[in-house]
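Chain and residue survey
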Amino acid sequence: MTKRVYSASLSRDFESSVKMDDLSAPLLDPREPVDTLPLSVGDPVVCILGSGDFSRSLSTRLLSCGCRVVMGSRDPGRLAPDLVPAGVELKTQAQALEALAEAGGSLVFLALYPEHYPSLLPLKALLSGRTLVDVSNASALQHQGQSNAQILAQLFPCSSVVKGFNGLSAWTLLTGAHDASRQVLVCGDSPSSKLAVQSLCRRLGFSAVDVGGLCAARAVEEAPLHLFPSWRGPLLTTTLLFVCFYLYAALAHVLLPFLDRGQNNLHHLALVTVNQALPAVALVTLALVYMPGLFASLLQLYRGTKYRPFPDWLDHWMCARKQLGLLSFLCAALHAVYSVCLSIRRAAGYMILNAAFRQVKQGVADSWEEAQVWRSDLYLSSGILGLGVLSVLALTSLPSVGHTLNWREFTFVQSGLGYLSLALSVAHVLFFGWDMALHSWAYPYFLPPLFLLSLVLPCCVLIGRLLLLAPCCALRLHKIRRGWESSRHQPKERAETQALSGDVQKKVKGSVKHGKSLRQRIYSSVRPESESREWRRRRRRRRRRRLISLFSFQTQGKAKVKVVVNTEPSPTRPLQQHVQPLVTSLAVTLDWDFIFDTGTVRLHH
Ligand SMILES: NC(=O)C1=CN([C@@H]2O[C@H](COP(=O)(O)OP(=O)(O)OC[C@H]3O[C@@H](n4cnc5c(N)ncnc54)[C@H](OP(=O)(O)O)[C@@H]3O)[C@@H](O)[C@H]2O)C=CC1
Ligand SMILES: [Cu+2]
């Protein structure tokens, strides 16, 4: 009972607050928690126009949640009786809307394709004042133009249109929302209509998310059409890498030996070549996960600030790290399974038998090689450990696991363990290669072995990371990440006390006719002939102590130039008297504000 009373007052409050222009009103009523949005708001009578799949699934769900459903069809007699859920009142479209009006309901779901909306125009009077719920999806990704919901709102200006439910399939509606995460995005221009639809959503067991006005409808309509948008780049990169490595391995170990010596290695293509390409892809992709972070650090070090945005390509790359990491994990896991299967192949059995036979013929009793034993054990161990750590990374990148970690834990896992996994994988490949790279037979047809190629990028990343750990870089980076900026990025106001005369000269040069810099003009006009020697001497020492110094700064967005004349005792002392009128006349010529000052000028550099 209390809930009902509160719900009525809430909707009244809400409407009145929307009408109010007063922005000082709090967004949320602090007295009541938001989560008490009442379930009982929303009509118990709902009309659905259209009798297709969506309509029937929705009506089944509405009925099971205690609503009365009136279904409006163009031809109710055409539908097989067992197709309509028991309890649904099947009528013609006009009759259904009249029944809704009699029952005092206002919600009308349009379960039709948007191209058929104009066929409802004869029902305009009956639909007026009702809330039309547009459940349609976009037919293609367009990102522009009017949405179906906006077109519907234009067709029926006397009804209020709410977009929603389009993300749910007819199947989901039938089977029900098993997890609480089933979100229904809702948008519309009328707050009361939107509230009614949101309440119905909750009643059906879904969580409604208000995404704003009807102008957001296009995004809502297109949301179900996206096909893994964030995976496109990473998938393309991984596939390209795989194709390149596979073709390279096939060329070096299958095609060229066949063309050269007629050696038939074609059976390698099915398993061995795939297993040569997979680890290379896994390793390079893992390096690609950590490379953008390295670039970002280098860029911040170079710029001396973290407040300048990264270039677009780097931003996109950073956003693709999670997907690249998961794809690297997939390739590594596949490589592990392939490697286990290598020994159970028929070919492996034949090869062992042949080797044993050759050994017997040569009279060798014991083929044990200590170095090779170490090599294979270390190779396997580092590989297993690398894959294990990579699995932890993959697990923590799942939202449900990642959300249980705090920021520090997440960074430790994703960055610390990530680099550990990269280092272990590099070690795995190095143990695999052992001393192979030193032998000429490892370079058939002058092609370097695949493992060597796949090591280039990961080694660069690891070396780069180590360099960034050096105190000179690490300390500066730490400072930058805590908000420190190098002097060239400090706001202009602060630069008032810093000598920027060179900079000012450059700026002024553009505006002074005849291309002479301000300082040159001042010097040449005030230089008395008799003091020319002193001038020359002073010019030589100019870098250390200037006679005239210019400082630029900004106050209230206006550029100003401050001219400071050196007043140290010197033979050029009367100079100030010459300078002041000149600067004043220049101030008129140039569009700069000058402030004249005398004092001792010492340069900082
Ligand atoms: N099916 C799904 O899983 C989902 C569907 N949707 C949306 O729901 C809407 C309906 O989809 P769905 O139920 O699958 O489609 P159906 O083809 O199964 O049903 C469409 C219905 O529209 C009615 N209709 C009204 N006017 C016309 C007309 N002039 N010409 C043809 N049919 C008309 C018909 O009912 P009658 O003959 O009784 O008038 C027909 O049954 C679409 O906009 C779709 O985008 C959204 C999310 C999921
Ligand atoms: Cu391996």
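Residues numbered from 1 in each chain as written. Chains lettered and ligands numbered in written order. Predicted model: local features only at pLDDT ≥ 70, side-chain atom pairs only at ≥ 80, totals over all residues. Heavy atoms only, no water.

Here's the deal with the coordination of the copper ion (ligand 2)
The condition that has to hold: Counted as donors are N, O and S atoms no farther than 2.8 Å from the metal, or 3.2 Å for Na, K and Ca; water is not among the atoms, and sites may therefore look incomplete. Runs of H or I in DSSP of at least four residues are treated as helices and runs of E of at least two as strands, each being numbered from the N terminus. Only protein chains enter the accessibility calculation, which uses a 1.4 Å probe. A residue is then buried if its area is under 20% of the maximum for its type, exposed if over 50%, and partly exposed in between.
Here the copper ion (ligand 2) is held by His335 (NE2) and His428 (NE2), and the distances to it run 2.0 Å. On the criterion of sequence distance, the pair formed by His335 in helix 12 (residues 321–342) and His428 in helix 16 (residues 407–433) is long-range, its members being 93 residues apart. For the pair shown, His335 and His428 are each scored as buried.

Observations concerning the packing of aromatic side chains
Quick note on the threshold: Each Phe, Tyr or Trp ring, with Trp reduced to its six-membered ring, pairs with another whose centre is within 6.5 Å; inter-plane angles below 30 degrees give stacked pairs, above 60 give edge-to-face pairs, and intermediate values give tilted ones. To sit over a ring, a charge needs its Lys NZ or Arg CZ within 6 Å of the ring centre and within 35 degrees of the ring normal.
A full pass over the atoms with the stated rule returns 10 aromatic pairs. Ring geometry for Trp313 against Trp317: centres 6.4 Å apart, planes inclined by 45°, an arrangement best described as tilted. Separated by 4 residues within a single helix, Trp313 and Trp317 lie in helix 11 (residues 312–319), roughly one turn from each other. Each ring, one from Phe431 and one from Trp434, has its centre 6.3 Å from the other, and the planes form 40°; the classification is tilted. The exposure class assigned to Phe431 is partly exposed, which follows from its relative accessible area of 24%. Overall, Trp434 belongs to the partly exposed group, its relative accessible area being 36%. Through a chain of ring-to-ring contacts, three or more aromatic side chains come together here, namely Phe295, Trp313 and Trp317. Here the basic side chain of Arg375 rests over the ring of Phe432, its NZ or CZ set 5.9 Å away from the ring centre.

Brief notes about the nonpolar core
The cut-off we apply is this: Each nonpolar core is a collection of buried residues, namely Ala, Val, Leu, Ile, Met, Phe, Trp, Tyr and Cys, held together in the definition by side-chain atoms within 4.5 Å. Any two residues whose heavy atoms approach within 4.5 Å at even a single point are treated as in contact.
In terms of nonpolar packing, the biggest core is built from 50 residues, with Phe245, Leu288, Tyr290, Tyr419, Leu422 and Val461 touching the most fellow members. Contributing elements (two or more residues each) for this core: helix 9 (232–261), helix 10 (272–303), helix 11, helix 12, helix 14 (370–396), helix 16, helix 17 (450–469) and helix 18 (471–481). Element by element, the count of residues in this core is highest for helix 10, at 17 residues. In this view, Leu422 contacts Leu283, Leu286, Ala287, Pro458, Val461 and Leu462; residues no more than four positions away in its chain are not counted. Core analysis: the next-biggest nonpolar cluster, separate from the first, contains 27 residues, Cys67, Val133, Val135 and Leu173 among them.

Here's the deal with the side chain of Ser382
Looking at where Ser382 falls in the secondary structure, it is placed in helix 14. Leave out the neighbours within four places in its chain, and Ser382 touches Leu424, Ala427, His428 and Phe431.

A closer look at the confidence of the model for the chain
Counted only if it meets this: As a per-residue measure, pLDDT reflects the predictor's confidence and takes values from 0 up to 100.
When pLDDT is averaged along the chain, the result is 80; 72% of the residues meet or exceed 70. pLDDT under 50 marks residues 1–23. Its contacts with residues more than four places away, or in other chains, come to 12 contacts. Low confidence marks residues 492–516, where pLDDT is under 50. Its contacts with residues over four positions away, or in another chain, come to 47 contacts. Confidence estimates for the predicted assembly give a pTM of 0.64 and an ipTM of 0.96.

Considerations on the pattern of salt bridges
The line we're drawing: Any Lys or Arg side-chain nitrogen found within 4 Å of a carboxyl oxygen on Asp or Glu counts as a salt bridge.
Per the stated rule, a full pass over the model turns up 6 salt bridges. For Arg56, the salt bridge is made with Asp53, and the minimal N-O distance between the two is 3.0 Å. Within this pair, Arg56 and its partner Asp53 are both found in helix 2 (residues 53–64), separated by 3 residues, close to a single helical turn. On the basis of relative accessible area, Arg56 is assigned to the buried category, the value being 18%. For Arg218, the salt bridge goes to Glu222, with nearest N and O atoms at 2.6 Å. Residue Arg218 and its partner Glu222 are both found in helix 8 (residues 217–222); the two are separated by 4 residues, about one turn of the helix. Both residues of the pair, Arg218 and Glu222, belong to the buried class. Salt bridges sharing partners connect three or more residues here, namely Asp134, Lys163 and Glu221.

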